[in-house]
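# Observations on chain architecture
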Amino acid sequence: MAQADLNSDLGEVWRGAPTADDDAMFALITSANIACGFHAGDDASMRDAVRRSTAHGVSLGAHPSYRDEAGFGRRDQDVPAEVLEAEVLEQLRALQRAVDEVDEVGEADGAGARLAYVKPHGALYNRIAHDRVQARAVVRAVVTASEELGRPLPVLGMSGSVIERETLAAGLRFVAEAFVDRGYRSDGSLVPRDAPGALLTDETAAVRRAVSLVLDRRITSVDGPDVELDAVSLCVHGDTPGAVSLATAVRAALLDAGVELVAPW
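Attention in this report is confined to the structure presented alongside it. (Residues numbered from 1 in each chain as written. Predicted model: local features only at pLDDT ≥ 70, side-chain atom pairs only at ≥ 80, totals over all residues. Heavy atoms only, no water.)

## Some points on the pattern of salt bridges
Operational definition: The salt bridge criterion pairs a side-chain nitrogen of Lys or Arg with a carboxyl oxygen of Asp or Glu, the two atoms within 4 Å. Each helix is a run of H or I in the DSSP string that is no shorter than four residues. Each strand is a run of E no shorter than two, and both are numbered from the N terminus. Here's how the labels work: a residue is buried when its accessible area is under 20% of the maximum for its type, exposed when over 50%, partly exposed in between, all with a 1.4 Å probe on protein chains only.
Applying the stated criterion to the full structure yields 19 salt bridges. Note that Glu-101 and Arg-47 form a salt bridge whose closest N and O atoms lie 3.3 Å from each other. One end of the pair, Glu-101, is in helix 3 (residues 81-104); the other, Arg-47, is in helix 2 (residues 43-56), with 54 residues separating them in the sequence. Judged by relative accessible area, which is 34%, Glu-101 ranks as partly exposed. Of the charged contacts, one joins Asp-48 and Arg-52 as a salt bridge, the two residues approaching to 2.5 Å between their closest N and O atoms. One end of the pair is Asp-48 and the other is Arg-52, both in helix 2 and four residues apart, which spans about a single turn. Residue Asp-48 is classed as partly exposed on the basis of its relative accessible area of 26%.

Written out as structure tokens, the structure reads:
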């Protein structure tokens, strides 16, 4: 039986309000990427996300970003490697503190909360797909966090990217993902968010893409040719317009196609 993970970026409280319907999204996915405070979220939202993830049996991932709350972490930045490493580690530690606090007061529904993986956010995610210096800084932070936890943290990211190679070189596991709701160019890169075709919100097209990604390992790019993507995890952004309806349709289509939805952690 084919398997796939369905993930979403959640816990993104920004400018005082959540960007997604977390209640609905947690019930549809298998892995949740939780904002760690630098682009969105705070201590309270992280604790809330930990409680929701355990209640729904959803794997919990850290979603660190550039220090860019004003731009929601979607503005590229030239951050010195040592600064980026420290800031990513700070975010991973912040989410782990939330896990510890929820566990300590017994709010994890008896299941025990657990930080399972790391997925960088936004502009950082795109930068480390091709920037070796920044990719290595992120990986060093994940290695340190893994040592502190006493177990390796996998990294979730773009297939065939620099961050994949750096993660594997450091002896960590890399899990490749693809986006159900983002446009791809023929070179396998994402269409910039300010360009035409950046978002895919049509449910029929999203469903077709999701099933094709799992069963055929390919999608159609915005400039025509098919792109081969070997993805284990599929992402539906929580702040995409109509995200709940989109994720509902994608989940149903995958199950109908005989795909087992399971977190790979």
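## Here we look at the packing of aromatic side chains
Quick note on the threshold: Side-chain rings of Phe, Tyr and Trp (the six-membered ring for Trp) are treated as a pair once their centres are within 6.5 Å; stacked means planes under 30 degrees apart, edge-to-face means over 60, and tilted covers the remaining angles.
Enumeration according to the criterion identifies three aromatic pairs in this entry. Ring centres 5.5 Å apart and planes at 75° place the aromatic pair Tyr-125 and Phe-179 in the edge-to-face group. Remark: Phe-179 occurs in strand 8 (residues 174-179) and Tyr-125 occurs in helix 4 (residues 122-127); sequence separation between them is 54 residues.

## Describing the packing of helix 5 (residues 132-149) against helix 6 (residues 162-169)
Formally: Simply put, an axis is a line fit to the C-alpha atoms, just over the touching stretch for a helix, and the angle between two N-to-C directions goes from 0 to 180 degrees. With respect to orientation, any angle under 35 degrees is reported as roughly parallel, any angle over 145 as roughly antiparallel, any angle of 65 to 115 as roughly perpendicular, and every other angle as oblique. Handedness of each helix crossing follows the sense of rotation of the near helix against the far helix: counterclockwise by less than a right angle gives left-handed, clockwise gives right-handed. Throughout, a contact is declared for two residues whenever any of their heavy atoms are within 4.5 Å. Residue type decides the class: Asp, Glu, Lys and Arg count as charged, Ala, Val, Leu, Ile, Met, Phe, Trp, Tyr, Cys and Pro as nonpolar, and the leftover types, Gly among them, as polar.
Helix 6 packs onto helix 5 with a crossing angle of 45° between their chain directions and a minimal axis gap of 9 Å. Classed by the angle they form, the pair helix 5 and helix 6 counts as oblique. Relative to helix 6, the crossing made by helix 5 is right-handed. Counting all contacts with helix 5, which are made through Arg-132, Ala-135, Arg-136, Val-138 and Val-139, the residues of helix 6 involved are Val-162, Ile-163, Arg-165, Glu-166 and Thr-167. When grouped by side-chain class, the residues that make up the contact of helix 5 with helix 6 number five nonpolar, one polar and four charged.

## Some details on helix 6
Operational definition: In this context, the arc is that of the directions from the helix axis out to the C-beta atoms.
Those residues of helix 6 not exposed but buried are Val-162, Ile-163, Glu-166 and Thr-167. Angular distribution of buried residues about the axis of helix 6 spans 130°; they occupy a single face of the element. Each element contacted by the buried residues of helix 6 is listed here: helix 5, strand 7 (155-158) and strand 8.

## Observations concerning the side chain of Ser-53
By secondary structure assignment, the location of Ser-53 is in helix 2. Sequence-distant contacts of Ser-53, that is, excluding residues within four places in its chain, are made with Phe-26, Val-58 and Leu-60.

## What about unusual backbone geometry?
With a phi close to 55°, Phe-72 is a non-glycine residue in the positive phi region. As for its position among the elements, Phe-72 is in the loop between strand 5 (59-63) and helix 3. With a phi angle near 60°, Arg-217 is a residue other than glycine that sits in the positive phi range. According to the relative accessible area criterion, Arg-217 is partly exposed, its value standing at 32%.

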